[in-house]
Amino acid sequence: MHSFRYLQGRLHAENVDLQTLAERHGTPLYVYSKATISDHFTRLDQAVNRLDHLVCYAVKANSNLAVLNTVAQLGGGFDIVSGGELFRVLRAGGQASKCTFAGVGKSREEIEYALNEGIYCFNAESQAELRYINEVAGSIGKKAPVAVRVNPNVDAKTHAKITTGKSENKFGIDFERIPEVYEWISKECPHLEIKGLQMHIGSQLTSVEPFIEAVKKVAPLVAEMKEKYNLRFFSIGGGIGIVYRQSLDSGTQEWWGGEGQEAHPLTIQSYADSIVPLLEPLGLRILMEPGRFVVGNAGILVTRVMYEKRGGAKTFKIVDAGMNDLIRPTLYEGWHQIVPVQKASDSATETVDVVGPICETGDFLAQDREIPVVKEGDLLAVMSAGAYGFTMASNYNSRPLVAEILVDGADAHVVRERQTLEDLVRGEHIPG
Ligand code: LLP
C-alpha cells in the first residue's frame, strides 16, 4: 500500500493536498506518509510472525528523527552503520538494545560509544575488525556481542553498485572461512561474545530466488555454529525490492511494473512464504534489516518546473530539484516515476529530459521520459523517493538541503526545516 493518490485531480499524501503544501513550504520538498511507513513495517512484521524475530530497520535508507520514531513506536529495532546513526536512533526514542551495528570500517570512538550504550550486536565484516573490537572492549572492561557477516557468494541479480553478497564485493567473510573464524573468536578473543551470524546479499532484489538460494546455502552453517557456539540469532539482512511505478488513481492500490520491471515483482507474502519454512527449523531468533521496503514508497520529492528548453535533439524540463537532492537516477540508473501534482485535463504527453539546476551533465531525474505535458511553474512529484533520497542528499553547488514533511492523516508536520544560507557556511572559518 502507499498513500499517494489523486483526489479531485490533485495529488495528495494521505489527506494532504500537495499543491497547498508546496505553496506553504516551498520546493523542492520531501514529503513522507506515516501511514505507508507503518503499513509496510507491519506487513513484514506480520508476514514472519511464526518466527521469533526482530525487524531492524536499516537507518541509512531514511534517518529523519520522525521516521525513526515511527519505527520505534512500532516496536522495531535498527540496523545502524555509524555512531551518527546510533545517536539519531537514541534521539528518536529507539533502544540501543535493539540495534545491530554493521559496516566494514567501525572506528574506536564508534565501538566505545556503541558498547557504552549497550547495543544488541556488532555485525563484523573482517577478522581485523573482530580483533579491534576485542581490543577496544577489553580496554574499557566490556564484553562485545558479535555476529560475523558471511559473504555467501550468491548473485542478487540487482544493480552492480548495490550487490554485496559476491566474493568480489568488500563485504563479509568468505563462506568457507566462517568455521575457523568462529573457532578463532572463541579461543583468542576473550572480550567478544559470539551472539549470531549475519548476511546481506544486496539491495532492490525483485525476485525471491536469490534470497532462497542464500538462506539454503547458509542455514546449515548457522545450525553448525549454533551447535558449537550457542548462537542466539541469524540475521538475513535487507534487500527486499519495491515497485517504482504505481497506480495513483483514487481508490486503486494496484501496483504494476515500470519499463524494464516485472509486472509482479517480489511480494512480501511470497518472500515470507518461501523463507520462513527454511528458517523455522533453526530454532533461532531471526533478524531482518529492511530499509527500502519500509520507506521507499512512503516518500516523494515535490519539485517545480522552472524553465523549458527545446534543444535540437531534446526537450528539457528544468526543475528546481537536482542530483544533490536525489542522486539515485544518475548514480544507479534509478527509475523514479514522475507525475504532475495537478492532473492534466487531457491525455497529451511529451518525451522530455527532466533535469536539475546543477552544473553537471549527469544532473537528471529522468531521461527520454514520456510524461503528461507540463508548463513552467507546474509542480511535479518524483515518486518512491523515501529511501536513499534525502539521506544521500548533499550541499553540492552550495544548495541548501531541502525541507522534509511527515504527513499523518490530515496533518503535515515539518520534520526537518529547509537549510538557510547561514547553515551553508556554519562552522567554516577564514584564517587570519
Ligand atoms: N543491511 C545491510 C548490511 C545493508 O548494507 C543494507 C543496505 C541494508 C541492510 C538495507 O538494504 P535495503 O533493504 O534498503 O535494500 N543507495 C542505494 C542502496 C544502498 C544499500 C546499501 N545497503 C540505492 O539507492 O539504491
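The shown structure was predicted, so the numbers you read here are calculated from the model rather than taken from an experiment.

For the ligand, the set of nearby residues contains 19 residues, the closest of which are S203, E289, R328, Y332 and Y388. A distance of 2.7 Å is found between a nitrogen atom of the ligand and a side-chain nitrogen or oxygen belonging to E289. In isolation the ligand has 590 Å² of accessible area, and contact with the protein removes 92% of it. Judged by the proximity of its atoms to the pocket grid, the ligand belongs to the largest pocket.

A pair can form between side chains of opposite charge whenever their charged atoms are brought close. Scanning all chains against the criterion turns up 22 salt bridges. The closest approach of N and O atoms between R310 and E308, which form a salt bridge, is 3.1 Å. The exposed category is assigned to R310, whose relative accessible area is 56%. By relative accessible area, E308 is classed as partly exposed at 31%.

On to the domain arrangement of the protein. Often, the extent of an interface is quoted as the loss of accessible area on bringing the components together. When its domains are assigned, the protein resolves into domain 1 (4-29 + 297-425) and domain 2 (103-288). A straight line from the C-alpha centre of domain 1 to that of domain 2 covers 33 Å. Taken together, the contact between domain 1 and domain 2 spans 18 residues of the former and 18 residues of the latter. Regarding the contact of domain 1 and domain 2, the summed buried area is about 1600 Å², with carbon and sulfur atoms giving 48% of it. Together, R5, N297 and W335 form the three largest contributors to the area buried by domain 1 at its contact with domain 2, with a combined 39%. The interface formed by domain 1 and domain 2 holds zero salt bridges in total. Across the domain 1-domain 2 interface, the total number found is two residue pairs in polar contact (both at pLDDT 80 or more). Listing elements by their share of the side of domain 1 that touches domain 2, those giving two or more residues are strand 1 (4-7) and helix 11 (328-332).

Procedures and definitions
- Residues numbered from 1 in each chain as written.
- Predicted model: local features only at pLDDT ≥ 70, side-chain atom pairs only at ≥ 80, totals over all residues.
- Heavy atoms only, no water.
- Near = heavy atom within 4 Å.
- Polar contact = N/O pair within 3.5 Å; in protein donor to acceptor, adjacent residues only side chain to side chain.
- Areas by Shrake-Rupley, 256 points an atom, 1.4 Å probe, with all protein chains shown as cover.
- 1 Å grid on protein atoms, 1.4 Å probe; cavity = no way out; pocket = protein on both sides within 12 Å on 5 of 7 lines; lining within 4 Å.
- Sits in = over half its atoms within 2 Å of the grid points.
- Salt bridge = Lys/Arg side-chain N within 4 Å of Asp/Glu carboxyl O.
- Buried < 20%, exposed > 50% of the residue type's maximum accessible area, 1.4 Å probe, protein only.
- Domains from an automatic or database assignment.
- Contact = heavy atoms within 4.5 Å.
- Buried area = accessible area lost by both parts, 1.4 Å probe.
- Helix = DSSP H or I, 4+ residues; strand = E, 2+ residues; numbered from the N terminus.

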